[in-house]
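Commentary on secondary and tertiary structure
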Amino acid sequence: MANSKYEYVKAFEQPDLLLPNTWIVVRIDGRGFHKFSSKYAFEKPNDRRALDLMNAAAKAVMSELPDIVIAYGISDEYSFVFHKSCMLFERRESKLVTTIVSTFTAHFVLLWNLYFPELPLSPPLPSFDGRAVLYPSVQNLRDYMSWRQVDCHINNLYNTTFWALIQMGGLDAKEAEKELAGSAAADKHETLFSRFKINYNNEPDMYKKGSVVFRDYELVEPGSVSEVVDEDFAKTIEQLELSKSQEEKDRKRRAKAIITIQHVDIIKDEFWERRPWLLSNKP
Ligand code: DGT
Ligand code: MG
Ligand code: MG
Ligand code: MG
Ligand code: MG
């Protein structure tokens with residue numbers, strides 16, 4: 001291609017490569033979903049259809065982007081985690097964030113009819129914002145995930161009690177708010193149980209714990225982790241080539257893995273210990 005005199009404008013573009021070797025979390029959040037949820041009369045405090053739709057869109061994002069290790073969703077937000085070794089789009093921040101946001105939004109709109117067949121979408125259409133945050137250690141990443149899940153728990157306990165006071169207790173929003181001001185978790189459990197016979201522990205896990213989307217493997221073949229033995233040079237090269245094709249195999253395996261959605265505790269170690277491939281050094 002011949003250069004044109006206009007081409008110098010390219011130099012105005014700013015590089016935005018994310019720091020290497022760090023976990024990338026892209027969190028998206030529905031724009032103005034307070035208004036959006038009342039427009040479509042979402043059930044309070046949780047609308048099963050809306051959450052299922054969020055989960056379906058997140059699952060579609062994960063299958064289109066095999067580099068995503070795990071995702072976690074609550075309310076109108078979803079966090080997508082890329083492995084620290086991920087080199088997708090050369091780790092260009094704007095490319096990663098905008099791709100996730102637009103892919104998610106496209107699927108959210110496409111799948112809307114499936115979850116809200118009686119309520120056709122009309123403008124203003126749903127949209128999402130997004131940001132990327134980097135975490136240098138597995139501990140930081142796990143603390144991030146724990147932070148979101150604790151948020152889910154605190155908000156859901158509050159909202160469940162708040163709406164029970166209104167819907168079943170006949171209070172108005174102001175009265176319910178006043179009643180809950182300064183109350184501890186145990187007080188809310190007690191209010192739910194003694195006044196409305198609701199045992200919070202029996203509420204659906206999706207509402208209490210949020211949604212965890214990840215790749216599950218039916219079986220991880222034994223010996224699938226290749227090692228480089230440095231006996232002699234030729235052998236090492238051979239091994240390197242082997243591990244390269246192993247890498248290729250792993251990538252294919254990742255693309256083929258089953259994407260599952262579970263509503264489980266991701267704060268405790270157990271979830272991660274049972275699925276070592278999620279945070280391993282070899283993605
Ligand atoms: P933003 O994110 O700054 O553009 O503004 P919002 O309005 O999206 O605020 P945000 O993201 O802090 O809060 C999420 C809103 O979405 C909140 O008002 C509750 C609503 N929402 C999310 N999921 C549900 C649901 O399942 N049922 C109902 N009724 N509302 C929901
Ligand atoms: Mg917000
Ligand atoms: Mg929002
Ligand atoms: Mg939100
Ligand atoms: Mg292009």
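Structure first, text after, so check above.
So, here's what we can say about the structure. (Residues numbered from 1 in each chain as written. Chains lettered and ligands numbered in written order. Predicted model: local features only at pLDDT ≥ 70, side-chain atom pairs only at ≥ 80, totals over all residues. Heavy atoms only, no water.)

**Looking at the overall build of the protein chain**
Summing up its helical and strand segments, the protein chain has nine helices and six strands in all. For the protein chain, the residues scored as buried account for 41% of the 283 residues in total. Of all intrachain contacts in the protein chain linking residues separated by at least 6 positions in sequence, the fraction that spans at least 24 positions is 75%. Looking at the protein chain as shown, the accessible area adds up to about 16,600 Å², and 55% of this sits on carbon and sulfur atoms. (Helix = DSSP H or I, 4+ residues; strand = E, 2+ residues; numbered from the N terminus. Buried < 20%, exposed > 50% of the residue type's maximum accessible area, 1.4 Å probe, protein only. Contact = heavy atoms within 4.5 Å. Areas by Shrake-Rupley, 256 points an atom, 1.4 Å probe, with all protein chains shown as cover.)

**Describing the site of ligand 1**
Around ligand 1, a shell composed of 15 residues is seen, among which Asp29, Gly32, Phe33, His34 and Asp47 lie nearest. Between ligand 1 and the protein, one listed contact pairs an oxygen atom with a backbone N or O atom of His34 at 2.9 Å. One of the backbone N or O atoms of Pro45 is found 3.3 Å from a nitrogen atom in ligand 1. Here ligand 1 loses 65% of its free accessible area of 630 Å² to cover by the protein chains. Applying the majority rule of atoms within 2 Å of the grid points places ligand 1 in the largest pocket. A per-element tally of the shell around ligand 1 places helix 1 (residues 33-39) first, with three residues. Residues that form the shell around ligand 1 fall into these classes: three nonpolar, six polar and six charged. (Near = heavy atom within 4 Å. Polar contact = N/O pair within 3.5 Å; in protein donor to acceptor, adjacent residues only side chain to side chain. 1 Å grid on protein atoms, 1.4 Å probe; cavity = no way out; pocket = protein on both sides within 12 Å on 5 of 7 lines; lining within 4 Å. Sits in = over half its atoms within 2 Å of the grid points. Nonpolar A, V, L, I, M, F, W, Y, C, P; charged D, E, K, R; others polar.)

**What to know about the side chain of Arg27**
The topology assignment puts Arg27 in strand 1 (residues 23-30). For the buried Arg27, no salt bridge is present, and the opposite-charge side chain at shortest range is Glu77, 4.4 Å distant. Of the polar contacts made by the side chain of Arg27, one reaches the side chain of Tyr144; its length is 3.1 Å. Setting aside anything within four residues of it in sequence, one finds Arg27 in contact with Glu77, Tyr78, Ser79, Asp129, Gly130, Arg131, Tyr144, Trp147 and Arg148. (Lys, Arg positive; Asp, Glu negative; His and termini not counted. Salt bridge = Lys/Arg side-chain N within 4 Å of Asp/Glu carboxyl O.)

**Remarks on unusual backbone geometry**
The residue after Lys44, namely Pro45, is reached through a cis peptide bond having omega 0°. Looking at where Pro45 falls in the secondary structure, it is placed in the loop between helix 1 and helix 2 (48-64). In this structure, Ala41 takes a positive phi of about 50° despite not being glycine. Along the chain, Ala41 turns up in the loop between helix 1 and helix 2. You can call Ala41 exposed: its relative accessible area is 53%. The backbone phi angle of Lys197 is positive, close to 55°, even though this residue is not glycine.

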